[in-house]
Each structure stands twice: as structure tokens, then as C-alpha cells.
Amino acid sequence: ILDCTLRDGGYYNNWLFPQKLINDYIKFVERNQIKYVEIGFRFFDEIRTKGNTAYSDLSFIQSLRLKKHTSIGVMFNGSDILKFKKNKKIINYYLDILKSNKLSFVRIACHRKELDQISFFTKKIKLNKKKLMINLMQISEIKKKEIKSICEKLKKVNPDVFYLADSLGSMKPQNFKIIIKQIKKFWHGEIGIHAHN
């Protein structure tokens, strides 16, 4: 189980979670033995108008009090990485948090057309010995004939976990079963689901 309350929930309050709530939340997930906690996004804004869990700065991550069994991570948007691909300063900003010994994993949300284009970035995550997770969005829109090609691209990126995100909230358990069965023909790594229904 991966909990992403502070990351996904931030859409409702601009990621302006009070520090006490963040600390209480961490205690709660630890008490309930949830190992993976996605603490926030890693956005880049020239003018910062959002809360800590939108940017997940190194200082914020280092300030979190965690038990040894808790693995925390952040989510990057693949589209952001590609938008700033040629801007070394911004790419270094994104990568800066990999210095944290408290950060265990990075999850990248992307569309199928972005999957192989982000490999330049995913290599750096792997080099920093962080667990890499790919969160493929809008899985309900993917056709059966595209799955082999997606899995070939996935092998280039080499994630530790491949998540299927039902971004549009239209899939039922049987739909997931069908698509996972197809994916397993070409991808032999761990698979997760991020359901919106």
C-alpha cells in the first residue's frame, strides 16, 4: 500500500497543510503499518504560491520525523521534466532532493507518449539508488495492440514498479484484470494500480 494523501489531497487546499497535521499524518500511517508514503509533488514555480508538499524541498524532507520502516517519496510530472529538459538549472532543482537520505522513492506520472522520452531523467534516479516507480496515466484509453510497445518503452526506463493509473475513474476490477494479464506477457516487474473509481 502506497498512501498519497498529502500529494493528491493538495489539489483541494493548494498543498497548504499545517506542519502539525503533516506530523500527525505521518504518525497515523506509521501506526497503521503503511510503508510507502508519497509526501508530495516536486513542482517548479518561479513564484511560489503553494504549500510545502507541492515542492517537497530538501529542507522539508529532512525535517520530517520518520520511523525506520517508513519509506517516503515524491511524485514528478513527466510533462514538467520534458518541458524543462534543456534547462540544466531546473533539472538540477528537480534532482536536488535525491541527496536526501530520507527519500526512498520517486514516482513519475506520465502519458504513454512521454514514457521513453524521460529515460535521461530516470537514469539519474537509479544512479542515486532511489526506487523508481512509473505511474502511467489514463490507462483506460490504452488499446490492447499498444501494450507490447508500451512495455518495450518501459524496459528502457527500467522502473522498480509500474503503476497503472485510472485517471478518468472509468475502470472496474475486471478491466484491470484484462489489462494486467496483457501487460504480464511483456513486462515481468512489479505492477501496482492507482484507482480513481
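Residues numbered from 1 in each chain as written. Predicted model: local features only at pLDDT ≥ 70, side-chain atom pairs only at ≥ 80, totals over all residues. Heavy atoms only, no water.

Visitor: Can you break down helix H8 (residues 147–157) residue by residue, with the values?
Guide: Looking at H8, one finds that the buried residues are Ile147, Ile150, Cys151, Leu154 and Val157. For H8, the angular spread of buried residues about the axis comes to 105°, placing them on one side. For H8, the secondary structure elements touched by its buried residues are helix H7 (119–127), strand S5 (131–136), strand S6 (161–165) and helix H9 (173–183). Two residues or fewer past H8, asparagine 158 is found with a positive phi of approximately 55°. (Buried < 20%, exposed > 50% of the residue type's maximum accessible area, 1.4 Å probe, protein only. Helix = DSSP H or I, 4+ residues; strand = E, 2+ residues; numbered from the N terminus. Arc of directions from axis to C-beta. Contact = heavy atoms within 4.5 Å.)

Visitor: For the pattern of salt bridges, give the residues involved together with the corresponding values.
Guide: This structure, assessed with the given rule, holds 11 salt bridges. The partner of arginine 107 in a salt bridge is glutamate 38, and the shortest N-O contact between them spans 2.6 Å. Of this pair, arginine 107 sits in strand S4 (residues 103–110) while glutamate 38 is found in strand S2 (residues 36–41), placing the two residues 69 residues apart along the sequence. Owing to a relative accessible area of 0%, glutamate 38 belongs among the buried residues under this scheme. Between lysine 155 and glutamate 152 there is a salt bridge, and its shortest N-O distance comes to 3.5 Å. With lysine 155 and glutamate 152 both in helix H8 and three residues apart, the pair spans about one turn of that helix. Glutamate 152 gets classed as partly exposed once you look at its relative accessible area, which sits at 38%. Three or more residues are tied together by salt bridges with common partners; here these are Arg7, Asp8, Glu38 and Arg107. (Salt bridge = Lys/Arg side-chain N within 4 Å of Asp/Glu carboxyl O.)

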